[in-house]
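Residue strings, one per chain:
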Amino acid sequence: MNSVNVSLKSEITSDVDWGRIRSDFPILDLKIDGKPLAYLDNAASSQMPQFVIDRLVRYQTKQHANINRAVHYLSEVATQEYHDARCKLQQFINAHEDREVIFTSGTTDSINLVMQGYGRKFIKANDEIILTTLEHHSNIVPWQMLANEKGARIRVVPINDNGELEIGEYEKLFNERTKFVGLIHVSNALGTINPIKRMIDFAHRYDVPVLIDGAQGAPHMSIDVQALDCDFYAFSAHKLCGPTGVGILYGKAALLESMQPYKGGGDMIASVTFEETIYNTIPHKFEAGTPPIAAAIGFGAAIDYLTAIGLENIGAYESTLLDYATDCLVQIPGVKIIGTAKEKTAVISFTVDGVHPHDIGTILNQDGIAVRTGHHCAQPVMQRFNVPATSRASFAFYNNKTEVDALVAGIKTVQKVFL
Ligand code: PMP
C-alpha cells in the first residue's frame, strides 16, 4: 500500500510509529502566522493522508466517468471502483451484505433517510420516539419534524453530571407506544461513549428498531454491526480521514427493503411509466441520481488506510493523549472540563472562568491551535450543563503530546490576556 506508514493490521500500539504516521498528513506541516499548526478540531472534521489524496487524484486523472449507465471502459472502471468502495465499507463495519451499505452525503443525510424512509412509513400518531440528551442536532431535528407531522412524541433520556446517560431512565421510557430509538454512539460535545449494545438489546425486547449515529464512534473504535445488532448505523467519511460529501447508512436488509425511498430519480428505479414506477433493489433504491463517486472511492481509500493502522491501535493511542491532556488541563486553575464520563473518546470540552469560549478560540488560533468553540450542534447538552458554549479540543491519532502542551500554554495565555 503506497504512502501508508503501517502495513500490518495486527501490529500493536507500541509497534506503531505514530511520528511517521503523522508525516502521512501534509496539512499538518502548515504554519499559521508562523506558528506550527496544532489541529485539535478532529471531531468536526479530520485531515486526509497523502494516500487518500493520491487515490482521489488517480480517480480524477485516470478513472472518472459516470457509473452504472454505459458499457464504455471508463464507466466500467468507475462502476467497479465505486462498488469496491461499498465492499470496503461493508467489511469495515462487518455488515452481512454489501447491499446493506447505502452511500449518502453524510451522517445527516443518512439520518434523514431513515426518518423519511422508515419514520414516515411506520411511525403514527401517539407513537413515541426515544432520543437522548446527548444527541447532535442532526439526530433531533429530523425526528421533531416527523413527530410534528405525525402527532408522535419524543421522549428524552437524561444524563448525569459526568455526561453519562441515565440507563435506568432509558429503560423506564419504554412502553407499548415506543416505536423507535435514535442513539448517539459517542457524544461529539463531550466524548461520552454510550453503552449502545446494552441499549440496543433492551430496545429489541420491545421489538423497537435502533438507529445509531456513529459519526463520532466509527472514527475511534472498530464497529461490528452484526455483533451490535443495531438496525441502522450512520457515519461520515470526513471524520475518518476521507473526503466531504459522502457517508454511509448501514441498515439491515429486511428493514431497508420495507422502507420507502427518500429521493426519486435516475438509478433508483427498475422501470418507469407515467402510470407507475417500480423501484430498484437495495442499495440502489436509496441512491437516486449520480452519487458522490469520487468521494466514495476516496472514502474506500480512507478505510484502507485506517484499517492498515488498526482501529484498536488508534483508540488506544488516542486514549493516552486524552489521559495526558486531561491531567494537564485539570491542573490549570479556572479551567473546568465539561464531560467527565468514565468511557470517553479523546474529546475535551472545557470552559475557562471569566472568558467567553469564542475569545478562547480566537486567542488559541493566534498560536496556531485549532479548537472548536460554540454549542457543537448539541444545544441540549449545553442547556444541561447551563453553559452557552464550550471550547472543545478533539484529538486524532496524528496528534501528539507537543500539541497538548501547546494547548495548555495557549490556555494560560488566554488567562493572561483576559484575567
Ligand atoms: N452526529 C454527530 C455525533 C456529529 O458529530 C456530526 C458532525 N459534527 C453529525 C452527526 C453530522 O455529521 P455530518 O455533518 O457529516 O452530516
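Residues numbered from 1 in each chain as written. Predicted model: local features only at pLDDT ≥ 70, side-chain atom pairs only at ≥ 80, totals over all residues. Heavy atoms only, no water.

Draft legend 1. Layout of the sheet that holds strand E10 (residues 247-251). Spatial ordering of the open sheet is given by E4-E10-E9-E8-E7-E5-E6, a layout of seven strands whose pairing is mixed. In this open sheet, the two edge strands, each paired with only one partner strand, are strand E4 (101-104) and strand E6 (153-157). Averaged over all adjacent pairs, the angle separating strand axes in this sheet is 20°, with direction ignored. Packing of helix H3 (residues 73-92) onto the sheet brings it into contact with E4, strand E9 (232-236) and E10, and relative to E4 it is tilted by some 120°. (Pairing = 2+ DSSP bridges. Helix = DSSP H or I, 4+ residues; strand = E, 2+ residues; numbered from the N terminus. Axes fitted to C-alpha atoms, helices over the stretch in contact; angles between N-to-C directions. Contact = heavy atoms within 4.5 Å.)

Draft legend 2. Focus on the side chain of Thr-390. Mapped onto the elements, Thr-390 comes out in strand E17 (residues 390-394). Among the polar contacts made by the side chain of Thr-390, one reaches the side chain of His-376 at a distance of 2.7 Å. (Polar contact = N/O pair within 3.5 Å; in protein donor to acceptor, adjacent residues only side chain to side chain.)

Draft legend 3. Representation of the site of the ligand within the structure. Around the ligand lies a shell formed by Thr-107, Thr-108, His-136, Ser-138, Ile-184, Asn-188, Asp-213, Ala-215, Gln-216, Ser-236, His-238 and Lys-239. A distance of 3.3 Å separates a nitrogen atom of the ligand from a polar atom in the side chain of His-136. His-238 is positioned with one of its side-chain polar atoms (N or O) 2.7 Å from an oxygen atom of the ligand. Bound to the protein, the ligand loses 84% of the 400 Å² it would expose on its own. Among the detected pockets, the ligand sits in the largest pocket. In terms of residue class, the shell around the ligand is built from two nonpolar, eight polar and two charged. (Near = heavy atom within 4 Å. Areas by Shrake-Rupley, 256 points an atom, 1.4 Å probe, with all protein chains shown as cover. 1 Å grid on protein atoms, 1.4 Å probe; cavity = no way out; pocket = protein on both sides within 12 Å on 5 of 7 lines; lining within 4 Å. Sits in = over half its atoms within 2 Å of the grid points. Nonpolar A, V, L, I, M, F, W, Y, C, P; charged D, E, K, R; others polar.)

Draft legend 4. Main features of empty space enclosed by the protein. All chains considered together, the criterion is met by two cavities of 30 Å³ or more. Taken as a whole, the largest cavity encloses approximately 90 Å³ of empty space. Lining the largest cavity are 13 residues, and of these Ser-46, Pro-219, His-220, Lys-239 and Ala-396 sit closest to its centre. Taken together, the residues of the lining of the largest cavity sort by class into seven nonpolar, four polar and two charged. Mapping the lining of the largest cavity onto the domain boundaries places at least three of its residues in each of domain 1 (18-48 + 310-418) and domain 2 (55-307). (Points joined across faces, edges and corners; volume = space filled by probe spheres on them. Domains from an automatic or database assignment.)

Draft legend 5. Up close: the domain arrangement of the protein. For the protein, the assigned domains read domain 1 (18-48 + 310-418) and domain 2 (55-307). Tallying the contact residues gives 39 residues for domain 1 and 36 residues for domain 2. Counting each side, the surface lost to burial between domain 1 and domain 2 is near 3,000 Å², with a carbon and sulfur contribution of 55%. The largest contributions to the domain 1 side of the interface with domain 2 come from Leu-311, Thr-345 and Arg-384, which together make up 20% of the buried area. One salt bridge in this structure joins Arg-384 and Asp-161, with 2.8 Å as the shortest N-O distance. Our count for the contact surface shared by domain 1 and domain 2 stands at 28 residue pairs in polar contact (both at pLDDT 80 or more). When residues of the side of domain 1 that touches domain 2 are traced back to their parent elements, those giving at least two are helix H11 (311-330), strand E14 (347-352) and helix H13 (379-384). (Buried area = accessible area lost by both parts, 1.4 Å probe. Salt bridge = Lys/Arg side-chain N within 4 Å of Asp/Glu carboxyl O.)

Draft legend 6. Main features of the sheet that holds E14. A sheet is described by the order of its strands in space; here four strands give the open sequence E13-E14-E17-E16, paired in antiparallel fashion. Edge positions in the sheet fall to strand E13 (335-338) and strand E16 (372-374), since each of these pairs with one other strand and no more. Taken pair by pair, the neighbouring strands of this sheet meet at an average axis angle of 30°, ignoring direction. As judged from the four bridges shared by E14 and E17, these two strands associate in the antiparallel manner. Residue pairing in the sheet places Phe-350 in a bridge with Ser-391 of E17.

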